[in-house]
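The lines below spell out each chain.
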Amino acid sequence: MKKKKYNVAIAGATGVVGREFIKILEERNFPVGEIKLLASERSAGSRIDFKGNGELVTDLNDESFKGVDIGLFSPGASVSAKHAPRAAKAGCIVIDNTSQFRMDPDVPLVVPEVNPKDIGLYKKKNIIANPNCSTIQMVVALKPIHDKYRIKRIVVSTYQSVSGAGKEAMEELSLQVRDLFNMKEPEVNVFPHRIAFNCIPQIDSFLDNGYTKEEMKMVNETKKIFGDDSVKITATTVRVPVFVAHSEAVNIETEKPIDPEDVKKLLSKAPGVVVIDEPGEGAYPMPADIAGQDEVFVGRIRRDDTVPNGLNMWIVSDNLRKGAALNAVQIAEALIKDYI
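Note that this is a predicted model, so its numbers are computed, not measured.

Quick look at the overall build of the chain now. From N to C terminus, the chain includes eight helices and 13 strands. The C-alpha atoms of the chain give a radius of gyration of 20 Å, which matches the 20 Å a tight globule of 340 residues would have. Along the first, second and third principal axes, the C-alpha atoms of the chain reach 60 × 60 × 40 Å. In the chain, which comprises 340 residues, the share counted as buried stands at 51%. Nonlocal contacts in the chain, meaning residues at least 24 apart in sequence, comprise 67% of its contacts between residues at least 6 apart. Computing the positive centroid from 45 side-chain charges and the negative centroid from 47, the chain places the two 5 Å apart.

Put into structure tokens, the structure is as follows:
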């Protein structure tokens, strides 16, 4: 017999994604019984509103997951590495938003619009991984195309907002803009260079192959989510001075002949996708319009005449919602509906 309510713990509750977890659980009326808000010792003792109650934030420790059904994690990879297995052992099903478990072969990596059946594989470790924010929005838009036309190659360049690097990154952009307008030298702490009025072609550290970790996450995660290692993928990830919502310029080459108008119709019917594509009227997705919305928005869909069966598109989504917290909550919704 199914439960009517589920006890939920949020690890990293005071961070930007943690606060989105709380907001989205309330917005979507997720059947929460007891909610536990967990954070570092530094944040413990504060309160966050949930359904009109000021819920106490407590210290994340070994005893935090007793009686918890579902854990929504976004406390950083090292913290998840320590506490997610402990939570899973205590009987809590962990949905982890960090990079820690994404490429673990025993942990499903899930985007509900793309590979929902993989949720059923959670029992191996009692952990489900939430993909990288930039990967999520890309695969939501590309999966219907891959199913119909068979994608051979993907070239993606991202324009990623500072919120993807956390609360301190958002504060740094704000302070740097203020300092520059006041003719002061801005401080650089979070990013490797000044982010205000700048673009930084580096997200995360560089690897021996010349790509960053963020770029290789997109490559490896997309293949795992699609369940298809044959797709060739190359990525360049760039941090831009936008507070919320990531944008991506995506070029694909398919095996079957592909028509832009057919793709627009296909994506208009795809779950979680909204097409905004009237360039003559200045209608295309932009972060300023998309922040706070749930869907993945696609525009600038046009043929690439330099290769057979080529197509270009522009993809924008709120990285804190669909790119993180919303995707995790959608996994939880599917979990309680079909798997537990």
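Read on, since the account is not over.
Backbone geometry at Asn126 places phi at a positive 65°, although glycine is not the residue there. Along the chain, Asn126 turns up in the loop between strand S6 (93-96) and strand S7 (127-129). One non-glycine residue, Phe197, lies in positive phi territory at about 55°. Of note, Phe197 is situated in the loop between helix H4 (167-181) and helix H5 (213-226). On the accessibility criterion, Phe197 (54% relative accessible area) is exposed.

A few words now on helix H6 (residues 260-268). What H6 keeps buried is the set Pro260, Val263, Lys264 and Leu267. Seen from one end, H6 has its buried residues packed into an arc of 105°, which puts them on one side. Its buried side turned inward, H6 meets helix H3 (133-149), strand S11 (273-275), strand S12 (296-304) and strand S13 (310-317). Structurally, the start of H6 carries an N-cap: the backbone nitrogen of Glu261 is 3.1 Å from a side-chain oxygen of Asp259.

Let's shift gears to the environment of Ala84. The topology assignment puts Ala84 in helix H2 (residues 77-89). Each C-alpha atom, one on Ala84 and one on Asn126, is 9.0 Å from the other, the two residues being 42 residues apart in sequence.

This paragraph deals with the sheet that holds strand S1 (residues 6-11). Spatially, S3-S4-S2-S1-S5-S6-S7 is the arrangement adopted by the seven strands of the open sheet, whose pairing is mixed. Each edge of the open sheet carries a strand with a single partner, namely strand S3 (47-50) and S7. The sheet shows a mean angle of 25° between the axes of neighbouring strands, direction not considered. Where S3 and strand S4 (residues 53-59) come together, four bridges link them in antiparallel fashion. Looking at the pairing, Asp49 lines up with Gly54 of S4. The strands that helix H1 (residues 16-27) touches are S1, strand S2 (32-39), S3 and strand S5 (70-73); relative to S3, the one it contacts most, it runs at about 25°.

Glancing now at H5. With 14 residues, H5 extends 20 Å between its outermost C-alpha atoms, agreeing within 8% with the 20 Å of an ideal straight helix rising 1.5 Å per residue. A large share of H5 lies buried, amounting to ten of its 14 residues. For H5, the full list of buried residues reads Glu214, Glu215, Met216, Lys217, Met218, Val219, Glu221, Thr222, Ile225 and Phe226. Of the surrounding elements, those touching the buried residues of H5 are H3, strand S8 (151-160), strand S9 (232-239) and strand S10 (246-254). At the C-terminal side of H5, Gly227 shows a positive phi close to 65°.

So, on to the pattern of salt bridges. Applying the stated rule across the entire model yields 22 salt bridges. Taking the shortest distance from any N to any O, the salt bridge between Glu221 and Arg102 comes out at 3.3 Å. Within this pair, whereas Glu221 is found in helix H5, its partner Arg102 is found in the loop between S6 and S7, the two being separated by 119 residues in sequence. Comparing Glu221 with Arg102, the two get one shared label, buried. The shortest N-O distance in the salt bridge between Lys217 and Glu214 comes to 3.8 Å. With Lys217 and Glu214 both in helix H5 and three residues apart, this pair spans about one turn of that helix. Take Glu214: its relative accessible area is 5%, and that puts it in the buried class.

The next subject is the sheet that holds S12. Strands pair in a sheet through their backbones, by hydrogen bonds, and they do so in one of two ways: parallel or antiparallel. Strand order in the open sheet formed by six strands is S9-S8-S10-S13-S12-S11, and the pairing between neighbours is mixed. Here the strands that pair on one side only, and so sit at the sheet edges, are S9 and S11. Each strand of the sheet is rotated relative to its neighbour by a mean of 25°, with strand direction disregarded. Pairing geometry for S8 and S9, over eight bridges, is parallel. What sits directly across from Arg153, in S9, is Lys232.

Conventions adopted
Residues numbered from 1 in each chain as written. Predicted model: local features only at pLDDT ≥ 70, side-chain atom pairs only at ≥ 80, totals over all residues. Heavy atoms only, no water. Helix = DSSP H or I, 4+ residues; strand = E, 2+ residues; numbered from the N terminus. Rg over C-alpha atoms; globule rule 2.2 N^0.38 Å. Buried < 20%, exposed > 50% of the residue type's maximum accessible area, 1.4 Å probe, protein only. Contact = heavy atoms within 4.5 Å. Lys, Arg positive; Asp, Glu negative; His and termini not counted. Charge placed at Lys NZ, Arg CZ, Asp CG, Glu CD. Arc of directions from axis to C-beta. Polar contact = N/O pair within 3.5 Å; in protein donor to acceptor, adjacent residues only side chain to side chain. Pairing = 2+ DSSP bridges. Axes fitted to C-alpha atoms, helices over the stretch in contact; angles between N-to-C directions. Expected span 1.5 Å × (residues − 1). Salt bridge = Lys/Arg side-chain N within 4 Å of Asp/Glu carboxyl O.

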